[in-house]
Amino acid sequence: MVPRLLPRAEAFGAIATTLFGSVALNTQATLADKFDVLDYVDPLIGTANGGHVFPGATLPFGMAKAVADTVGENQAGFAFDTTVVTGFSHMHDSGTGGSPSMGNFPIFAQSSCPNDDLNQCKWQLNDRATAWDRDSPKARPGYFGISLDNGVHAEMTTTNRSALYRFTFDQGSAEALSPVILVDLIDLPQSRTNGTANVDKSTGRLTGNGTFSPSFGIGSYDLHFCVDFKGAELRDTGVWTKNRANFSRETVTLTNDGTNSPATLSAGTFARFKSPKDNQILARVGVSFLNVNQACQNAEREQPNFDFEGTVSAAEAAWRKKLDVISVDTEGVSKDFQTIFWSGAYRTMISPQDYTGENPLWKSDEPYYDSYYCIWDSYRSIHPLLTLVDPVSQSLMMRSLIDIYRNEGYLPDCRMSLCKGFTQGGSNADVLVADAYVKKVPGIDWDTAYEAVVKDAEVEPANWNVEGRGGLHSWKSLGYIPTDDFDPYGVGTHTRSISRTVEYAYNDFCIAELAQGMGHKQDYEKYLGRSGNWINMYKPDQKSSIQGVDTNFTGFMQPRYTNGTWGYQDPIFCSPLLNFTSCYLNPDGHETYEGSAWLYTFYAPHDMGSLIQTLGGAEEFTKRLTYFHESGLLYVGDEQAFLPVYQFHYAGRPGLSAKYNHFYIPSQFNTTVAGLAGNDDSGAMGSYVVLSMMGLWPVPGQDVYLITPPYFKEVSIRNAITGKLSTIRNVNFDSSYKSIYIQSAKLNGKEWTKNWVTHDFWAEGGVLELTLGPEESDWGTKMEDLPPSISNYHS
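Rules used in this analysis
Residues numbered from 1 in each chain as written. Predicted model: local features only at pLDDT ≥ 70, side-chain atom pairs only at ≥ 80, totals over all residues. Heavy atoms only, no water. UniProt positions renumbered as here; feature names shortened; annotations may be inferred. Helix = DSSP H or I, 4+ residues; strand = E, 2+ residues; numbered from the N terminus. Core = buried A, V, L, I, M, F, W, Y, C linked by side-chain atoms within 4.5 Å. Buried < 20%, exposed > 50% of the residue type's maximum accessible area, 1.4 Å probe, protein only. Axes fitted to C-alpha atoms, helices over the stretch in contact; angles between N-to-C directions. Parallel < 35°, antiparallel > 145°, perpendicular 65-115°, else oblique. Left-handed = near helix turned anticlockwise from the far one by under 90°. Contact = heavy atoms within 4.5 Å. Nonpolar A, V, L, I, M, F, W, Y, C, P; charged D, E, K, R; others polar. Polar contact = N/O pair within 3.5 Å; in protein donor to acceptor, adjacent residues only side chain to side chain. Disulfide = S-S within 2.5 Å.

For the chain, an unreviewed UniProt entry supplies the name Alpha-1,2-mannosidase and the organism Penicillium citrinum.

A. View of the UniProt feature "domain: Glycosyl hydrolase family" (unreviewed entry) in the chain. When the UniProt feature table is mapped onto this chain, "domain: Glycosyl hydrolase family" (unreviewed entry) is found at residues 294-774. Its end C-alpha atoms 61 Å apart, residues 294-774 is made of 37% helix and 14% strand.

B. Main features of the nonpolar core. Ranked by size, the top nonpolar core spans 218 residues in total, and within it F88, I146, Y165, F167 and Y688 carry the most contacts. No other element matches the 11 residues that helix α10 (residues 497-517) contributes to this core. Counting residues in hydrophobic clusters, the runner-up holds 6 residues, among them L164, L282, F306 and V312.

C. Region of interest: the packing of α10 against helix α11 (residues 521-530). Two numbers describe how α10 lies on α11: the axes approach to 7 Å, and their chain directions differ by 160°. Here α10 lies roughly antiparallel to α11, going by the angle between them. For the element pair α10 and α11, the recorded crossing hand is left-handed. Two secondary-structure elements touch here, α10 through A505, D508, F509, I511, A512, A515 and Q516 and α11 through D523, Y524, Y527, L528 and R530. Partitioned by chemical class, the residues of the contact of α10 with α11 number 8 nonpolar, 1 polar and 3 charged.

D. Molecular detail of helix α1 (residues 292-302). Among the residues making up α1, those that are buried are V292, Q294, A295, C296, N298 and A299. Tucked inside the fold, the buried residues of α1 contact β10 (162-169), β13 (206-212), β14 (221-230) and β19 (280-288). Where α1 begins, the side chain of N291 points an oxygen toward the backbone nitrogen of N293, at a separation of 3.2 Å.

E. Region of the structure containing the packing of helix α7 (residues 429-438) against α10. Contact geometry of α7 with α10 gives a least axis separation of 9 Å together with a crossing angle of 35°. In the crossing of α7 with α10, the sense of the turn from one axis to the other is left-handed. Residue-level contacts link D430, V431, V433, A434, Y437 and V438 of α7 to Y506, N507, C510, I511, E513, L514 and G517 of α10. Across the contact of α7 with α10, the residue classes tally to 9 nonpolar, 2 polar and 2 charged.

F. Region of the structure containing the state of the cysteines. Tallying each qualifying case throughout the model produces 4 disulfides. Covalently, C113 is tied to C121 through a disulfide, its sulfur atoms 2.0 Å apart. Taking the torsion about the sulfur-sulfur bond, which here is approximately -100°, the covalent link between C113 and C121 counts as left-handed. When its relative accessible area of 5% is taken as the criterion, C121 is described as buried. Each sulfur in the disulfide pair C574 and C583 lies 1.8 Å from the other. Every disulfide takes its handedness from the sign of the S-S torsion; for C574 and C583 that torsion is 80°, giving right-handed. Looking at the unpaired C419, the closest cysteine sulfur is the one in C414, lying at 11 Å. Take C419: its relative accessible area is 4%, and that puts it in the buried class. The closest cysteine sulfur to the non-disulfide-bonded C510 is located on C374, 18 Å from its own sulfur. Take C510: its relative accessible area is 1%, and that puts it in the buried class.

In structure tokens:
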């Protein structure tokens, strides 16, 4: 993720002013006669100010993703804070940072060519860039529409492997209507190394393929397309290169031969039509990673009749089915809050993407999912939410990860476009495996899963930039990753010594959980011991100041050398208060990743008893964590910030977790196009909002859910596997959110004093009833009520 800053709320509950004006929450929800969850999903949330959300048409976890591609910060194709559209493409990712992703083979429609001369049409990417009507974008699950200033209104919908576009042409022009639709061999990041496009002159079918690079990884991938048309009689076809069209040729081939840069290699094929019936033409695009024939078959099988309305309806039905496992009592809750909630749930199900049957790298009967951007981001909230609302898909994704291990030798930490993505910290697929294990996700080969996580911990890969862990010799011998680490065993970026150390420690704890459950006693003891290595980067006398003023807190994670001596990184460095964007995945990325030593000093979620004692006890820990939230040091738009919102639970102050939950929603998450705190990262921000508003925050990798009051009078989830219904109910619910503190709780009618529950609540069903009040109480504050820790809590 590339962080970005939104204005910080100056007081609890304030509403942030965003790029597109101040946010005002409706005081009352307007209830329709019949509730349709899709009416509360706005795919345009997060399409401005760096949210990078994909707002186009897709199915849940679908491969095909159709949207208008704009010029600017277009990582997901379309961004609201842009002005021109250059095409409509069929493959995208959502919420990613870094460079744009995919956007291969865009098509573009023009009503006619000036003077009926094809060479006066707009061909090149930059030349054809056309302004779009600011009031025209319409987005709904399974549908996207937009109007361009060239008189074309474009609509799109998708099946799993194909997209269907409907172009409506304005006859207001003096030119006779003779539409031209082109396909371009380019992609959004302009990464193509070669490409070929063909046209069938008898039918107008456009086909082709290209080789491209992933947006955040190594290697390359081949993609193929097939375009068919309906709605108008074919007039002529041909190829185009740069600004010239050619009728006589049927094939165009491009390579990066050193004479042209990718940005100038814009070329492809086209079809020109006679005036269409009803001024509309349908374009059906099949895509495949296997071959052109497969791309054509995908489209023909999934959309044989070019039925636009039927395809939209089927997509909507698929989304309703996914979302309908959740139900909420919306009495008194604003429509804006409902929209924030349901839109977050929707975005959580855009990725990872189901490429099963489309993997050319190996043959397997196992599912294959792609676009894990990245597990470092997604393990904290996306996959825990999917385990609750769609455990079947979560099982398929876990099986896919394990099959990647079988065939490529390591679990991925990031993956996209059939390529290995860059590892940002630890081997965090280990956390996903542990999370699935302790929550009894079915259908998983646990023996192979255990083999995979142990390999992460024990065998350093040749290139630990893209899999496994680097610095394992130091990790095993010193108990930390030195800032001057010497590693002759593999190749990787020697940065992030602090963040990698604390992540490796938690990864090893997760392996210990599996070892214990599977009866590997010696492994359990080894990995449990190594999980305590986070303490080896803690410098107890390190102070921290902000603009020369002491924060009055002592003891922070610091870099350490091979000989045991300490280095120095300002504890606030890489926070919003100092050089925020200085800790990325590059050789100058420093010792923490996308966050400060302040942030990483709080990361020992398995050993909170010891961490709290190390930081001075529960009262001092609470003061420090409160300061972290109030001082501007914490940026909630990075995923490592999620858990610190709820870590007050471990210090016996669950009420403060509820307070800061409401501190960030809606101030940093709202219904505007700029309404996310950071890049959505494949739905990480969306899942954070949903879990926060549901009231049970999962600690990933553990069978622990921290309890806070939902934002609704009642929230229920029906388990897709067991069929059981689990309900969290607020007594004395206050839609003004002044009474957000739990006074007492009952689980299935019996008093419940612990401030956490296990996954059994979700799997077996039941009712968790929370009685609320306007002030903190002693509920959940006693030592015996605190979440598990491998070290004891101290009074």
